[in-house]
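Breakdown of the fold
Listed here are the chains, written in short residue letters.
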Amino acid sequence: MASKIRESLLSSLSAHQETYVSGQQLAEETGCSRTAIWKHIEELRNEGFTIESKKKRGYRLLKTNDQLTENNLLLGMETKALGRTIVVMDSVDSTQKIAHTLAQDKAPEGTLVIAEEQRAGRGRMARVWHSPKGTGIWMSLLLRPSLPPQKAPQFTLITAVAVVQAIWDVCQLDVEIKWPNDLLLNNKKITGILTELQADSEQIHSLIIGIGMNVNQEKKDFPEELLSIATSLSIEKGEKISRSELVQRVMYHLERYYQIYLEKGFTPIKLLWESYAVSIGKYITARTLNGELTGVALGITDDGVLLLEDEKGTVHSIYSADIEI
Ligand code: BTN
């Protein structure tokens, strides 16, 4: 857990980014002694923040960093609940696993688990999610909506919309959605979403939304077999991208759409989702566990189920599949 003092110290310093703030003022604003301020400043420097100090003038924040530390993520987090409790880890099997445990331990709604590296990142349909160190965003968010479990797939779609908008905010890149959970840039995968839940037959207890974003990988960071189907934001944009800003924007949009969803239902989000979707209106092949279906993707239902019309005019409801366009 980040120290509350360091969090408020950072917001005081960033509110006066151009000017020095005296130790006395910081002590008053944070409610601790000047010696304590000095110690917390040292801690922040160790976390990678560049803070200048000058005799008789005080402290000045020169540069924030892009390390995925709790303080760095909280500074600039514009949400009320989502991403307000953050667990940052260096190397884990899977952030999904950690989030499931935290969910059972009564962690609050909005808890975000984020790791620099996953050794056994999980994808959909029991696939492996390649999560090399320090390059991408590997995170799992805990929500506790009072809803029946059938509603869970909608959260994959809500998250997809939030991520598309976050990527636009930070990188001005136009991402498309391929049902149900692939985000594509120039036809290659940029983000995957995995929604898992703890529930009984009537009610969701916790929903774990796993988001894997390929951000700063270079081509050499992808295994050979992924190079033709996956890419990173920095490869496509040609520059390094701030991971902390992306996390903050994803949380911001997700909180907004979660609220809209709870107040107005799925329809407004469905419309947005369809406007970003590549497959709708196209002739597609859906590979399900029960075989292959081809036809035109008509759209999605209010439950997030894909509707596919085959050549005979029969409309099929697809709950889970890989789509080829
Ligand atoms: C997919 O496209 O198949 C979904 C990929 C989801 C990957 C993310 S990375 C963070 C979280 N932890 C995991 O082990 N998986 C999800």
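Residues numbered from 1 in each chain as written. Predicted model: local features only at pLDDT ≥ 70, side-chain atom pairs only at ≥ 80, totals over all residues. Heavy atoms only, no water.

1. Some remarks on helix α5 (residues 95-104)
Stated formally: Type-normalised accessible area, obtained with a 1.4 Å probe on protein chains alone, sets the label of each residue: buried when under 20%, exposed when over 50%, and partly exposed for intermediate values. Helix numbering and strand numbering both begin at the N terminus, where a helix is a DSSP run of H or I of at least 4 residues and a strand a DSSP run of E of at least 2. The arc in question is traced by the directions running from the helix axis to the C-beta atoms. Contact definition: two residues touch when any of their heavy atoms are within 4.5 Å. Two N or O atoms form a polar contact when they lie within 3.5 Å of each other; inside protein one atom must be a possible hydrogen donor and the other a possible acceptor, and for residues adjacent in sequence the pair counts only when both atoms belong to side chains.
Inspection of α5 places Thr95, Gln96, Ala99, His100 and Ala103 among the buried residues, and these make up the whole buried set. The buried side chains of α5 occupy one side of the element, clustering within an arc of 140° when seen end-on. Buried residues belonging to α5 abut β3 (86-92), β4 (112-118), β5 (121-122), β7 (137-143), β10 (188-199) and β11 (204-213). For α5, the capping residue at the N-terminal end is Ser94, with a side-chain oxygen 3.0 Å from the backbone nitrogen of Gln96.

2. Some details on the layout of surface pockets
To locate leftover empty space, one rolls a probe as large as a water molecule over the atoms. Rules: Cavities and pockets were defined on a 1 Å grid built over protein atoms only: a cavity is a set of grid points that admits a 1.4 Å probe from which the probe cannot escape, a pocket is an open set flanked by protein on both sides within 12 Å along at least five of seven lines, and lining residues are those with an atom within 4 Å of any such point. Grid points are joined across faces, edges and corners, and a volume is the space filled by probe spheres set on the points. The nonpolar class holds Ala, Val, Leu, Ile, Met, Phe, Trp, Tyr, Cys and Pro. Asp, Glu, Lys and Arg form the charged class, and all remaining residues, Gly among them, are polar. How far each domain reaches was decided by an automatic or database domain assignment.
Approximately 880 Å³ is the volume found for the largest pocket. Taken together, 41 residues line the largest pocket, and the ones lying closest to its centre are Arg127, Trp129, Asp182, Lys189 and Ile229. Those elements giving two or more residues to the lining of the largest pocket turn out to be α5, β6 (128-129), β7, β9 (182-185), β10, β11 and β16 (322-324). In the lining of the largest pocket, the residues fall into 18 nonpolar, 14 polar and 9 charged. Contributing to the lining of the second largest pocket are 19 residues, with Pro153, Thr156, Pro180, Tyr319 and Ser320 lying nearest its centre. Contributions of two or more residues to the lining of the second largest pocket are made by α6 (152-171) and β10. Among the residues forming the lining of the second largest pocket, the class breakdown is 11 nonpolar, 6 polar and 2 charged. Taken together, domain 2 (70-276) and domain 3 (283-324) each give at least three residues to the lining of the second largest pocket, which thus spans both.

3. Some remarks on the site of the ligand
What counts, and what does not: Any residue with a heavy atom positioned within 4 Å of a molecule or strand is treated as near that molecule or strand. Note on areas: Shrake-Rupley, 1.4 Å probe, and residue coverage restricted to the protein chains presented here. To qualify as sitting in a cavity or pocket, a molecule needs more than half of its atoms within 2 Å of the grid points.
Lining the immediate environment of the ligand, one finds 20 residues, of which Ser94, Gln118, Arg122, Arg124 and Lys189 sit closest. Between the ligand and the protein, one listed contact pairs a nitrogen atom with a side-chain N or O atom of Thr95 at 3.0 Å. About the coverage of the ligand: the protein hides 98% of its 410 Å² of free accessible area. For the ligand, the cavity whose grid points lie within 2 Å of the majority of its atoms is the largest pocket. Elements with a minimum of two residues in the shell around the ligand: α5, β5, β7, β10 and β11. Broken down by element, the shell around the ligand gets its largest block of residues, 4 residues, from β10. Grouping the constituent residues of the shell around the ligand by class yields 6 nonpolar, 11 polar and 3 charged.

4. Remarks on the pattern of salt bridges
Rules: Just to be clear on terms, a salt bridge is a Lys or Arg side-chain nitrogen sitting within 4 Å of an Asp or Glu carboxyl oxygen.
All told, the structure shown has 19 salt bridges when counted by the stated rule. The closest approach of N and O atoms between Arg122 and Glu196, which form a salt bridge, is 3.0 Å. Here Arg122 is found in strand β5, whereas its partner Glu196 is found in strand β10, with 74 residues between them in sequence. Classification of Arg122 as partly exposed rests on a relative accessible area of 33%. Owing to a relative accessible area of 19%, Glu196 belongs among the buried residues under this scheme. The salt bridge partner of Asp322 is Arg127, with a shortest N-O separation of 2.3 Å. Taken together, the residues span a long stretch of sequence, with Asp322 in strand β16 and Arg127 in the loop between β5 and β6 at a distance of 195 residues. Among the residues examined, Asp322 registers a relative accessible area of 23% and is labelled partly exposed. A single network of salt bridges, built from pairs that share partners, joins Glu78, Asp169 and Arg249.

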